[in-house]
Amino acid sequence: MLNCEKTGKKCGDHELRNSPECKAGSGGRPSGARGQNTWPLLGRWLRPLSWVMVPYTVVNIMVVVGESFIPILCRQGLFWGVPFAVAYGLLLIKLTAADSRYRVAGICTIISGVGNIWTAELVVSPDTARWAYLFTILTSVVTLLGLHRECYAHAEALTEVDRGLSARWRKLWGWCVGIFAVTPGIIVLFWTVPFLGLLTGVIICIGGIVVSILRLVYLWRTAKRFRKPPFDTE
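All figures in this text were calculated on a predicted structure; none of them were measured in a lab.

**Topic: the overall build of the protein chain**
On a plain count of helices and strands, the protein chain comes out with eight helices and zero strands. In the protein chain, 64% of the contacts between residues at least 6 apart in sequence involve partners at least 24 apart. Of the roughly 12800 Å² of accessible surface on the protein chain, 69% is carried by carbon and sulfur atoms.

Rendered as structure tokens:
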């Protein structure tokens, strides 16, 4: 529970934190020292992070569609995704002072971006195909870890600012896990019952695109939420 800086009352519930007198005292922000100290940092780096996320989302969609239907599109997406993954990861690391999970997310993003293109190169040769499958599993684990750290870091930053958006970040992580979890089953289904495998692949492809777009939208909304000074009540 946090105390309103003006009234001294507990601000743990949504209604009280959003009451006029509480907002007048705290500017609609958490009154704890951590919230005050991290607000400028989040406001500074979340905006460029959201800019990088736009082209990064495009290449991610290229990979999602390419994996299911157009292999060459997937390779192009993986190739162009490397510089955006590195830039995105470095910007996440810049947010470490706000939450240590951003550092892990940034490192994982860079590793997965570089690792994916390396895996794509290994698949080309039959002699290294077995290593490609191993690296695919490893990069998938790293990608999931990075997504988990990022989603929950954003959610934590928004806990006392916008609980609805905070909850959406946590739900987004659940969607990511679901998509990753069913992918191996789709591969098996495609080889046993091609039609059902193809149909399920289309559904998962659409789900992957939706998740990528939602991630972009949520990040833009998060950046916008921290763009105004914490004392701005308008």
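Moving on from the model shown.
**Let's talk about the pattern of salt bridges**
Enumeration over the complete set of coordinates arrives at three salt bridges. A salt bridge links E150 to R215, with the shortest nitrogen-to-oxygen separation between them at 2.7 Å. Here E150, found in helix α6 (residues 129–158), pairs with R215, found in helix α8 (residues 194–225); they are 65 residues apart in sequence, far enough to count as distant. Taking relative accessible area as the criterion, E150 reaches 1% and is therefore assigned buried. The buried category is assigned to R215, whose relative accessible area is 13%. Close ionic contact of E160 with R163 constitutes a salt bridge, the shortest N to O distance being 3.3 Å. For E160, a relative accessible area of 23% corresponds to the partly exposed category. Taking relative accessible area as the criterion, R163 reaches 35% and is therefore assigned partly exposed.

**Some details on the side chain of R215**
Looking at R215, its side chain comes within polar contact range of the side chain of E150, at 2.7 Å. Residues contacting R215, with those up to four places away along its chain left out, are M53, N60, Y88, L147, E150, W169 and L172.

**Some details on the nonpolar core**
Here is a general trend for soluble globular proteins: nonpolar side chains tend to be buried in one another's company. Ranked by internal contacts, the top residues of the largest apolar core, which has 35 residues, are L46, L49, Y88 and W169. Counting residues per element, the ones that place at least two in this core are α3 (33–68), α4 (71–94), α5 (101–124), α6, α7 (163–192) and α8. When residues of this core are assigned to their parent elements, the largest contribution, nine residues, is made by α3. For Y88, the contacting residues outside a window of four places in its chain are L49, V52, M53, Y56, T109, E150, R215 and L219. Core analysis: the next-biggest nonpolar cluster, separate from the first, contains five residues, V63, L78, V82 and I117 among them.

The rules behind these values
Residues numbered from 1 in each chain as written. Predicted model: local features only at pLDDT ≥ 70, side-chain atom pairs only at ≥ 80, totals over all residues. Heavy atoms only, no water. Helix = DSSP H or I, 4+ residues; strand = E, 2+ residues; numbered from the N terminus. Contact = heavy atoms within 4.5 Å. Areas by Shrake-Rupley, 256 points an atom, 1.4 Å probe, with all protein chains shown as cover. Salt bridge = Lys/Arg side-chain N within 4 Å of Asp/Glu carboxyl O. Buried < 20%, exposed > 50% of the residue type's maximum accessible area, 1.4 Å probe, protein only. Polar contact = N/O pair within 3.5 Å; in protein donor to acceptor, adjacent residues only side chain to side chain. Core = buried A, V, L, I, M, F, W, Y, C linked by side-chain atoms within 4.5 Å.

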